[in-house]
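Chain by chain, the residues:
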Amino acid sequence: MSSRLTFGTLKRIVAILIAIAIVLAAGIVVGQAPAIFGVEADPEASITFEDQHGEGTNVTVREVSLSDGGYVVLTDSGDEPLAVSEHLAAGTHENVTLEREDDATHELVGQLTATVHQDTGDDPFAYYETDGEEDHPYLEDGFPVSDTATVTMGETDALDDSFVVESIDAPAAATTNETIRVNATLRNPTAFQTQQSVTVRIDGAVFERRVLELEGGDSRRVTFETDTGGAPPGNRTIGVYTDGDGAVAGIELAFHTEPSVSVTDASAERVTVETAIPERGFVALERNGSVVGTSVQLEPGDHENVTVDLPEDAASNESDELTAALYAGDPGDVDSASPIEVDNRSVRTTVTIGDTADAEGGDDSGGEDSGSDSAAE
């Protein structure tokens, strides 16, 4: 072999190696392009939320990964979160526990959804308070990163002795003041005759409880006549639960009547109303746009003889006019409450307090003439 041929071959080899190095370098630059040019990769997350048993006070998310940190938010079919995790740093977390608030009325049971949210603002979690402007969900293919699980009451090791809920059949829709039929097939998995408590719950709240007895190995179809009075309207979860098992279905509850408030009695010390309120809230008395008194907190439904005590200077003469209005929220935190509306108009009525402040021993009752039936204004 000549030295010329050897030198030419060597040059070709060197050229090929240089070309390969250029391609590899280009690939590295392309791979690092987001960082080099200041473009951040889309935040990513994943979550695993499995069916489980519990006591209604907390749930466990098996695993969640967050590229930029954030929160896990637990919801059902309602509009408000049931629980929010502590702030989670970027990375993978196992067995994340979410606990319901101390003042929550609904237990964490039924079909629940855990969604991974980013941390885009300052603590605490503020997605709902900012109408989604902050701490919005991680997305995958345009959809929130979430997982759904069914949470039933009872300890895990109690399932072997618990009646099993093999099926549930409930109406797809109802109103909030009717009696509905909820059918369930229950089975005793043990070899012994057993008595156990069975409940019907709507969004975790107990609406019916019955003690049933089944022979060992027997199955029975049971009908529960369940009164929906007091349930909040909206897309809800209805379920049948035993000591360690349960089954759920969705139900659309419509408020049974037009929301209203009307004054039945009024004096300088107190105003009495009757109301139909579609969600948990209260009656507020307003004077010149400011709240001067509130009722106790009311559950959804019809209420009579709801009283609101007035401060001494709330009404001083017969020309003083007050407004009774319905609010959703806590009467102890009026600033965070929101007016209840129908067709974008608040539910309220006016009442004129008679000249009772100076009428010692006189007639303090305003009667039905003290106010008018409510109107959405």
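It should be emphasised that the depicted structure is a prediction, and the values quoted were computed from it without experimental measurement.

## Considering the overall build of the chain
When its secondary structure is counted, the chain shows two helices and 28 strands. When burial is assessed residue by residue, the chain has 39% of its 377 residues classed as buried. For the chain, the accessible area works out to roughly 20400 Å², and carbon and sulfur atoms hold 45% of it.

## Overview of the sheet that holds strand 13 (residues 179–187)
Spatially, 11-13-16 is the arrangement adopted by the three strands of the open sheet, whose pairing is antiparallel. Bordering the open sheet on either side are strand 11 (164–169) and strand 16 (219–227), each of which pairs with just one other strand. Averaged over all adjacent pairs, the angle separating strand axes in this sheet is 30°, with direction ignored. Inspection of the sheet shows strand 11 paired to strand 13 by five bridges, in the antiparallel sense. Directly across from S167, in strand 13, lies its bridge partner T185.

## A short note on a negative patch on the surface
A cluster of acidic side chains, namely D42, E44, E140 and D141, defines a negative patch on the protein surface. For E140, the position within the fold is in strand 8 (residues 139–140). Looking at E140, the relative accessible area reads 49%, which means it is partly exposed.

## Some words on the side chain of T194
Position of T194 among the secondary structure elements: in strand 14 (residues 194–202). Of note is the side chain of T194, whose polar atom sits 3.0 Å from the backbone oxygen of F192.

## Thoughts on the environment of Q52
Structurally, Q52 is set in strand 2 (residues 52–54). Beyond its immediate sequence surroundings of up to four residues, Q52 is in contact with V59, T60, T150, V151 and T152. A polar contact of 2.9 Å, which involves the side chain of Q52, links it to the backbone oxygen of E50.

## Observations concerning the sheet that holds strand 14
Strand pairing in a sheet takes place through backbone hydrogen bonds and is either antiparallel or parallel in direction. In space, the five strands of this open sheet follow the order 12-18-17-14-15, with mixed pairing throughout. In the strand order of this sheet, the two ends are held by strand 12 (173–175) and strand 15 (205–214), each with one partner. Pairs of neighbouring strands in the sheet enclose a mean axial angle of 30°, with direction left out of account. Here strand 12 pairs with strand 18 (residues 246–254) via three bridges, running parallel. Note on strand 18: the bridge partner recorded for A173 is E252.

## Regarding the pairing of strand 1 (residues 45–48)
Burial along strand 1 is one-sided: A45 and I47 are buried, while S46 and T48, pointing the other way, are not. With four bridges joining them, strand 1 and strand 3 (residues 58–66) adopt antiparallel strand pairing. Its bridge partner lying in strand 3, S46 is registered against S65.

## So, the packing of aromatic side chains
Going through the model one piece at a time under the given rule, you end up with five aromatic pairs. On the numbers, 5.1 Å between centres and 90° between planes, the contact of Y127 with Y128 is edge-to-face. Accessibility expressed as a relative area gives 22% for Y127, which makes it partly exposed. One aromatic cluster is present, built from ring pairs that chain together Y71, F125, Y127 and Y128. The ring of Y241 has R201 lying over it, and the distance from NZ or CZ to the ring centre is 5.9 Å.

## Quick look at unusual backbone geometry
In this model, D141 sits at a positive phi of 55°, which is unusual for a non-glycine residue. Position of D141 among the secondary structure elements: in the loop between strand 8 and strand 9 (143–144).

## Here we look at the pattern of salt bridges
Enumeration according to the criterion identifies 10 salt bridges in this entry. In this structure, R236 and D203 form a salt bridge, with 3.1 Å as the shortest nitrogen-oxygen distance. Of this pair, R236 sits in strand 17 (residues 234–241) while D203 sits in the loop between strand 14 and strand 15, and the two are 33 residues apart along the sequence. Assessed through its relative accessible area of 16%, R236 is described here as buried. On the basis of relative accessible area, D203 is assigned to the buried category, the value being 4%.

## Re the environment of F192
Among the structural elements, F192 can be located in the loop between strand 13 and strand 14. Residue F192 is classed as exposed on the basis of its relative accessible area, which comes to 61%. Taking C-alpha positions, F192 is 6.2 Å from E215, a pair spaced 23 residues apart along the chain.

## A word on the confidence of the model for the chain
With 78% of its residues at a pLDDT of 70 or more, the chain shows a mean pLDDT of 82. Across residues 23–40, confidence stays below pLDDT 50; counting only partners more than four residues off in sequence or on other chains, it has two contacts. Contacts for the low-pLDDT stretch residues 155–159, under 50 throughout, to residues beyond four places or in other chains number six contacts.

## A word on the side chain of T275
Its place among the elements puts T275 in strand 20 (residues 270–277). The exposure class of T275 is buried, given its relative accessible area of 5%. Polar contacts involving the side chain of T275 include one to the main-chain carbonyl oxygen of S260, which spans 2.7 Å. Residue contacts for T275: discarding those within four places in its chain leaves S260, V261, V283, L298, G301, D302, H303, V306 and L326.

Rules behind the numbers
- Residues numbered from 1 in each chain as written.
- Predicted model: local features only at pLDDT ≥ 70, side-chain atom pairs only at ≥ 80, totals over all residues.
- Heavy atoms only, no water.
- Helix = DSSP H or I, 4+ residues; strand = E, 2+ residues; numbered from the N terminus.
- Buried < 20%, exposed > 50% of the residue type's maximum accessible area, 1.4 Å probe, protein only.
- Areas by Shrake-Rupley, 256 points an atom, 1.4 Å probe, with all protein chains shown as cover.
- Pairing = 2+ DSSP bridges.
- Axes fitted to C-alpha atoms, helices over the stretch in contact; angles between N-to-C directions.
- Patch = residues over 30% accessible without salt bridge, like charges linked within 9 Å, V, L, I, M, F, W, Y side chains within 5 Å.
- Salt bridge = Lys/Arg side-chain N within 4 Å of Asp/Glu carboxyl O.
- Lys, Arg positive; Asp, Glu negative; His and termini not counted.
- Charge placed at Lys NZ, Arg CZ, Asp CG, Glu CD.
- Polar contact = N/O pair within 3.5 Å; in protein donor to acceptor, adjacent residues only side chain to side chain.
- Contact = heavy atoms within 4.5 Å.
- Phe/Tyr/Trp six-rings, centres within 6.5 Å; stacked < 30°, edge-to-face > 60°.
- Lys NZ or Arg CZ within 6 Å of the ring centre and 35° of its normal.
- pLDDT = per-residue confidence, 0-100.

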